[in-house]
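As a plain string of letters, each chain reads:
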Amino acid sequence: RVKLAEFGGGSVQIGGSLRLSCTASGYTYGTTCMAWFRQAPGKEREGVAGIDSDGTTKYADSVKGRFTISRDNTNDNLYLEMNNLKVADTGMYYCTLALGDLIGPYGLNKDIFAQWGQGTQVTVSS
């Protein structure tokens, strides 16, 4: 079984930046897509950014132009560079993985992901 672990969260001021990382251990061979989701108190978990093995990416409209998702060439690690952070970006950020290149055809659909990390907290304040 693959274990996912997120790192890099913290507290920043509006307009600040953070870089999140996710490590997958016990990684399996084959095509995978990976994504970042976040959840704020009282809200449902929502997709932030996703990436397929072929490099296809999709972003939530709220983060386009500010966040960049990337992965290493072994697909063992996932990153999210977050710039110009807003209070609305506050939440617990989760890393997730699924088999197949699914971001392109299905987008940031939570239902396609079954494996999740424990999350890393991002807090943006004024």
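Remember, it's a predicted structure, so these values are computed and weren't measured experimentally.

Q: An account of the overall build of the chain is requested, with residue identities and associated values reported.
A: Looking only at helices and strands, one finds 1 helix and 11 strands in the chain. Reading the helices (α) and strands (β) of the chain from amino to carboxyl end gives β-β-β-β-β-β-β-β-β-α-β-β. Once the C-alpha set of the chain is aligned to its principal axes, its extents read approximately 45 × 30 × 25 Å. Counting across all 126 residues of the chain, residues that qualify as buried make up 42%. For the chain, restricting intrachain contacts to residue pairs at least 6 apart in sequence, the fraction spanning at least 24 positions comes to 62%. Approximately 6500 Å² of the chain is accessible, and the part contributed by carbon and sulfur atoms is 48%. Counting 12 positive and 12 negative side-chain charges, the chain places the centres of these two groups 5 Å from one another.

Q: How would you explain the side chain of T32 if you had to name every residue and give the values?
A: Relative to the helices and strands, T32 is located in strand β4 (residues 32–39). Residue classification places T32 among the buried positions, given a relative accessible area of 1%. At a separation of 2.8 Å, a polar atom in the side chain of T32 contacts the side chain of R71.

Calculation criteria
Residues numbered from 1 in each chain as written. Predicted model: local features only at pLDDT ≥ 70, side-chain atom pairs only at ≥ 80, totals over all residues. Heavy atoms only, no water. Helix = DSSP H or I, 4+ residues; strand = E, 2+ residues; numbered from the N terminus. Buried < 20%, exposed > 50% of the residue type's maximum accessible area, 1.4 Å probe, protein only. Contact = heavy atoms within 4.5 Å. Areas by Shrake-Rupley, 256 points an atom, 1.4 Å probe, with all protein chains shown as cover. Lys, Arg positive; Asp, Glu negative; His and termini not counted. Charge placed at Lys NZ, Arg CZ, Asp CG, Glu CD. Polar contact = N/O pair within 3.5 Å; in protein donor to acceptor, adjacent residues only side chain to side chain.

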